[in-house]
Amino acid sequence: MSIVKIMNYAKIKNYDIANGEGIRVSLFVSGCRNHCKGCFNPETWAFDYGYKFDEDAKRIIMAALDKPYIAGLSILGGDPLEPENEFIVYELCKSVKQRYPDKTIWLYTGYLWEHTAYHPIMKYVDVLVDGKFIEELKNPSLRFRGSSNQRIIDVQKSRGTGRIYLWDGENE
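Calculation rules
Residues numbered from 1 in each chain as written. Predicted model: local features only at pLDDT ≥ 70, side-chain atom pairs only at ≥ 80, totals over all residues. Heavy atoms only, no water. Helix = DSSP H or I, 4+ residues; strand = E, 2+ residues; numbered from the N terminus. Rg over C-alpha atoms; globule rule 2.2 N^0.38 Å. Buried < 20%, exposed > 50% of the residue type's maximum accessible area, 1.4 Å probe, protein only. Contact = heavy atoms within 4.5 Å. Pairing = 2+ DSSP bridges. Arc of directions from axis to C-beta. Salt bridge = Lys/Arg side-chain N within 4 Å of Asp/Glu carboxyl O.

A. Region of the structure containing the overall build of the chain. Across its full length, the chain holds four helices and seven strands. In sequence order, the secondary structure elements of the chain are arranged as β-β-β-α-β-α-β-α-β-β-α. In terms of C-alpha radius of gyration, the chain reaches 15 Å, essentially the compact-globule figure of 16 Å for 172 residues. Along the first, second and third principal axes, the C-alpha atoms of the chain reach 35 × 35 × 30 Å. Here the chain holds 172 residues, and the buried ones make up 49% of them. Across the chain, every contact between residues at least 6 apart in sequence was considered, and the portion connecting residues at least 24 apart equals 60%.

B. Quick look at the pairing of strand β6 (residues 127-130). The alternating pattern of β6 places Val127 and Val129 and Leu128 and Asp130 on opposite faces, both of which are buried. The sheet contact formed by strand β5 (residues 104-108) and β6 spans three bridges and is parallel. Following the sheet pairing, Trp106 is matched in β6 by Val127. Judged from the four bridges that link them, β6 and strand β7 (residues 151-154) form a sheet pairing that is antiparallel. From the neighbouring strand, Leu128 faces β7, where its bridge partner is Ile153.

C. The arrangement of helix α1 (residues 55-65) in detail. If you check which residues of α1 are buried, you get Ala57, Ile61, Met62, Ala64 and Leu65. Each buried residue of α1 sits inside an arc of 165° when the element is viewed along its axis, so together they form one side. As for α1, its buried residues are in contact with β1 (8-16), β2 (23-29), β4 (70-76) and α2 (83-99).

D. View of the pattern of salt bridges. Counted under the stated rule, the structure contains eight salt bridges. Across the salt bridge formed by Arg33 and Glu82, the nearest N and O atoms sit 2.8 Å from each other. Of this pair, Arg33 sits in the loop between β2 and β3 (51-52) while Glu82 is found in the loop between β4 and α2, placing the two residues 49 residues apart along the sequence. A relative accessible area of 48% means that Arg33 is categorised as partly exposed.

E. Main features of the pairing of β2. By the criterion of burial, β2 is predominantly enclosed, with six of the seven residues buried. Strand direction decides the pairing type here: β1 and β2, joined by five bridges, are antiparallel. Residue pairing across strands places Ile12 opposite Leu27, the latter belonging to β2. Between β1 and β2, which pair antiparallel and follow one another directly, the connecting turn spans six residues, one of which, Gly20, has a positive phi of 135°. In this structure, β2 lies alongside β4, joined through six bridges in parallel fashion. Its bridge partner lying in β4, Phe28 is registered against Leu76.

Structure representation (C-alpha cells):
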C-alpha cells in the first residue's frame, strides 16, 4: 500500500439505499483509471475532482453514521483502491470499525477479489463489490451492482479461505 495522504471526493450522501443493504452513508471518492464505458459517474475519474477529503469530511461521515437507523458506510467512486486513495480509505474504514463495530462497510472497486483479497483494508470491509462495470453486461434488475460480471463478496467469510463466498443477501 503506497502512502498518499491526499484524496479528493465527489460527494457524501447521508442517506443512500442504492449502494448496499439498508440505509447507508456513501462516500464517492475521486480518481479512477478504469474509465468504464457507460460509467454513471465519469466526473470521478479525475483524481482532483471535487473536494479535499479532510477532517471535516470525516466528521460529516461519522456524524451521519451515528444515527441508529444507518446500517453502515459504502465507499465507491471513482475507485477507492486506486493507489492514490487507498491509504485514506484504509484509515477511514479503520476509524469507522473502531467507533461503529456493528455497522457494515461496503466497498466498490474495479479490481477483482483475486487482486485485493490480501489488501490490508479488507480487515475492515464487510462486503466487496468487485469488477469493472461492463456496459454490455448492464442489467438494471441486479441488486447493488451495475453489470452481471460484478460480484458481491462476503469479505470476512472469504478472507483466508482460498474461496469466494458471495454475500448471503444475494438471493433474497
